[in-house]
Amino acid sequence: MSSQAVSNPSIDSKATGKEIYEHKDIESAHSRSSSSLRRASQKQLCLIVRYKWLRLLLCNLYEVILGTKLSFLFPLVPLAILANRLRLGNVWVFLISLLGLAPLAERLGFITEQIAFYTGPTVGGLLNATCGNATEMLIAVFALYHGKTNVVKYSLMGSVLSNLLLVLGTSLLCGGLANMKKEQRFNKVVSGINSSLLMMASLCLMLPLALQRSNMAYSEAAVSTLKLSRVSSIIMLVAYAAYLFFQLKTHRQLFEEGQETEEEENEEEPSIGLISSIVWLCALTVVISLLSQYIVETIEDVAESWEISVNFISIILLPIVGNAAEHASAVLFALKNKLDISLAVAMGSATQIAMFVIPFITVLAWMMGKPMDLDFHILETVSLFATVLITAYILQDGTSNYMKGLVLLLCYLVIATCFLLLQTPLTKGHPHQTVVVTATIPMPAKQF
């Protein structure tokens, strides 16, 4: 280990006796996206502190709280808690909590990367895969606990649409405009694998919808749809586990190809120790859970106050703000003509939500006794299928230009407008049941 590692403030890692693995063996799309928003370390300022425990604490606080370019949003976290305690209004609690999630989600990716230094490539890859979309999963869990299954479905569906159309579209558009004189190419094999998994997810969401509509005349239609959804969820989880084995073990070279940086820097060392990383992981998870609960509890009141549907807030607003850090990093990599990393961030996140988070939440609802199925309703399912289809078609040749990104962005704009105009009740009835207004039309008097 280099002399830099000896002066590293993460003293507690040495006590564990764990080997520190090379960073290039464990770096994933999520860790790369986290590093793009990270500030240069100034740990030497902490090393002048005399007391060892205080030096360790200050260095950890600096690396976690001030080590990101989104640190200016951290004051919103205690402000959200204060706004909820003082009952300043559900709209303010919702907005502050939503913005406060952005730096927390980015720092959670940083912490999982630090733990991966000590756990090795396999466990580190699994950890990054599991915690990559922890924010969406926690929001879904709390919504499920409160019985708001529609919020669960809409928020997860919105994350997939946002990653495939908004994030990927912005990345291709900005990358194409910034690199017009360069040929932009990416690994079409990896994008093809992700597209195949997303098509499978679309199939597993379309079949419960079709079965529900086919059996509408039968009293047991809902039961049959629920059974199919649970079986499909288990199969999707098996497929995602096989995908992780394919990505991390048998065909790992496919996912590493094209993601090497042009200028290799010095070998990166962990910023904080293993014990500190685990403590920070638990702390960040608790805070994210708290803000997620605030969002779930206030989302319907916000929809009523703004006179828009819960669908629009869950499908459009939540993914845009909640994943702002990851979205920005994908665009930054595209500007540097590193489309393989941008696609890994956007499509990898969409694949994880569609093939892991959605079926996991469905199985979790089954264990909790909640009747959540994979019937995401007609408009949402059609939007997802069309999104996956057009994304797969655009990426099939392994090349990119700004026109492809513009098409994806315009598709997202059409879908967002559709959900903005969608009229739905807030809590009761079918999620797509519209309010019918009747008017009495005066009839002309009979002429005798």
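K.L.:
Is there a simple way to explain the packing of helix H13 (residues 274-306) against helix H14 (residues 310-322) in this structure?
P.N.:
Axes are the key here: two packed helices are described by the angle between their axes and the distance separating the axes. Running from amino to carboxyl end, H13 crosses H14 at an angle of 115°, the nearest separation of the two axes being 9 Å. In this structure, H13 crosses over H14, and the sense of that crossing is right-handed. Here H13 contributes Ile295, Ile299, Glu300, Val302, Ala303 and Trp306 to the contact with H14, which in turn contributes Val310, Ile313, Ser314, Leu317 and Leu318. Broken down by class, the residue content of the contact of H13 with H14 amounts to nine nonpolar, one polar and one charged.

K.L.:
Got a minute to help me understand the environment of Asn401 in this structure?
P.N.:
In this structure, Asn401 sits in the loop between strand E2 (399-400) and helix H18 (402-421). With relative accessibility at 32%, the residue Asn401 sits in the partly exposed group. With 217 residues separating them along the chain, Asn401 and Gln184 place their C-alpha atoms 7.0 Å apart. Polar contacts involving the side chain of Asn401 include one to the main-chain amide nitrogen of Met403, which spans 3.1 Å. Of note is the side chain of Asn401, whose polar atom sits 3.2 Å from the backbone nitrogen of Lys404.

K.L.:
Help me understand the environment of Gly175, please; the structure alone is not making it clear to me.
P.N.:
With respect to the helices and strands, Gly175 occurs in helix H9 (residues 149-178). C-alpha of Gly175 to C-alpha of Asn401: the two residues are 226 residues apart in sequence and 7.6 Å apart in space. The contact partners of Gly175, leaving out residues within four places of it in the chain, are Gln184, Ala334 and Leu335.

K.L.:
What is the right way to read the packing of H9 against H14 from this model?
P.N.:
At a closest axis distance of 8 Å, the pairing of H9 and H14 adopts a crossing angle of 50°. The angle between the axes of H9 and H14 places the two elements in the oblique class. In this structure, H9 meets H14 at a crossing whose hand is right-handed. Of the residues in H14, those touching H9 at Val151, Tyr154, Ser155, Gly158, Ser159, Leu161, Ser162 and Leu166 are Val310, Asn311, Ser314, Ile315, Leu318, Pro319 and Ile320.

K.L.:
Mind showing me how you'd approach the confidence of the model for the chain here?
P.N.:
Low pLDDT means the predicted atomic positions in that stretch should not be read closely. Across the chain, pLDDT averages 79, with 76% of residues at or above 70. Looking over the chain, one finds the lowest element-wise mean pLDDT in helix H1 (residues 3-6), namely 40, and the highest in helix H17 (residues 378-394), namely 94. With pLDDT under 50 throughout, residues 1-18 is counted as low confidence; its partners more than four residues away or in other chains account for 37 contacts. Scored below 50 in pLDDT, residues 426-448 makes 25 contacts in the model with residues more than four places away or belonging to other chains.

K.L.:
Looking at this model, I keep getting lost on the packing of aromatic side chains. Mind explaining?
P.N.:
Geometry of an aromatic ring pair is reported as the spacing of the ring centres plus the angle between the planes. In this structure the tally under the stated criterion is four aromatic pairs. Relative to Trp306, the ring of Phe94 lies with its centre 6.4 Å away and its plane at 85°, an arrangement referred to as edge-to-face. Placement of Phe94 in helix H6 (residues 90-119) and of Trp306 in helix H13 is noted, with a sequence separation of 212 residues between them. Take Phe94: its relative accessible area is 1%, and that puts it in the buried class. An aromatic cluster is present here, built from Tyr240, Tyr243, Phe356 and Phe360 joined pairwise through their rings. Over the aromatic face of Phe110 sits the side chain of Arg107, whose NZ or CZ is 4.3 Å from the ring centroid.

K.L.:
Got a minute to help me understand empty space enclosed by the protein in this structure?
P.N.:
Where empty space is left can be seen by rolling a probe of water-molecule size over the atoms. Scanning the model with the defined rule gives five cavities of 30 Å³ or more in all. Roughly 100 Å³ of volume is contained in the second largest cavity. If you go around the second largest cavity, the residues you meet are Leu98, Leu101, Thr135, Glu136, Ile139, Ser155, Leu156, Ser159, Leu318, Pro319, Gly322 and Asn323. Counting only elements with at least two residues in the lining of the second largest cavity, the list comes to H6, helix H8 (134-145), H9 and H14. Class assignment of the residues belonging to the lining of the second largest cavity gives a composition of six nonpolar, five polar and one charged.

K.L.:
Looking at this structure, how should I read the pattern of salt bridges?
P.N.:
Close approach of charged atoms allows side chains of opposite charge to pair. Taken as a whole, this structure holds four salt bridges when the rule is applied. For Glu106, the salt bridge goes to Arg107, with nearest N and O atoms at 2.8 Å. Overall, Arg107 belongs to the buried group, its relative accessible area being 0%. Arg213 is the salt-bridge partner of Asp375, the closest N and O atoms lying 3.5 Å from each other. On the criterion of sequence distance, the pair formed by Asp375 in the loop between helix H16 (339-368) and H17 and Arg213 in helix H10 (residues 188-214) is long-range, its members being 162 residues apart. Classification of Asp375 as buried rests on a relative accessible area of 6%.

K.L.:
Any chance you could explain the nonpolar core here in plain terms?
P.N.:
Note that soluble globular proteins tend to have their nonpolar side chains buried in a common cluster. Counting residues in each nonpolar core, the largest one holds 109 residues, and the members touching the most others are Phe94, Ile111, Val152, Leu156, Leu168, Ile361 and Leu395. For this core, the element with the highest residue contribution is H16, accounting for 16 residues. Not counting residues within four places of it along the chain, the set of residues in contact with Phe94 comprises Ile295, Thr298, Ile299, Val302, Ile313 and Leu318.

Cut-offs and rules
- Residues numbered from 1 in each chain as written.
- Predicted model: local features only at pLDDT ≥ 70, side-chain atom pairs only at ≥ 80, totals over all residues.
- Heavy atoms only, no water.
- Axes fitted to C-alpha atoms, helices over the stretch in contact; angles between N-to-C directions.
- Helix = DSSP H or I, 4+ residues; strand = E, 2+ residues; numbered from the N terminus.
- Left-handed = near helix turned anticlockwise from the far one by under 90°.
- Contact = heavy atoms within 4.5 Å.
- Nonpolar A, V, L, I, M, F, W, Y, C, P; charged D, E, K, R; others polar.
- Buried < 20%, exposed > 50% of the residue type's maximum accessible area, 1.4 Å probe, protein only.
- Polar contact = N/O pair within 3.5 Å; in protein donor to acceptor, adjacent residues only side chain to side chain.
- Parallel < 35°, antiparallel > 145°, perpendicular 65-115°, else oblique.
- pLDDT = per-residue confidence, 0-100.
- Phe/Tyr/Trp six-rings, centres within 6.5 Å; stacked < 30°, edge-to-face > 60°.
- Lys NZ or Arg CZ within 6 Å of the ring centre and 35° of its normal.
- 1 Å grid on protein atoms, 1.4 Å probe; cavity = no way out; pocket = protein on both sides within 12 Å on 5 of 7 lines; lining within 4 Å.
- Points joined across faces, edges and corners; volume = space filled by probe spheres on them.
- Salt bridge = Lys/Arg side-chain N within 4 Å of Asp/Glu carboxyl O.
- Core = buried A, V, L, I, M, F, W, Y, C linked by side-chain atoms within 4.5 Å.

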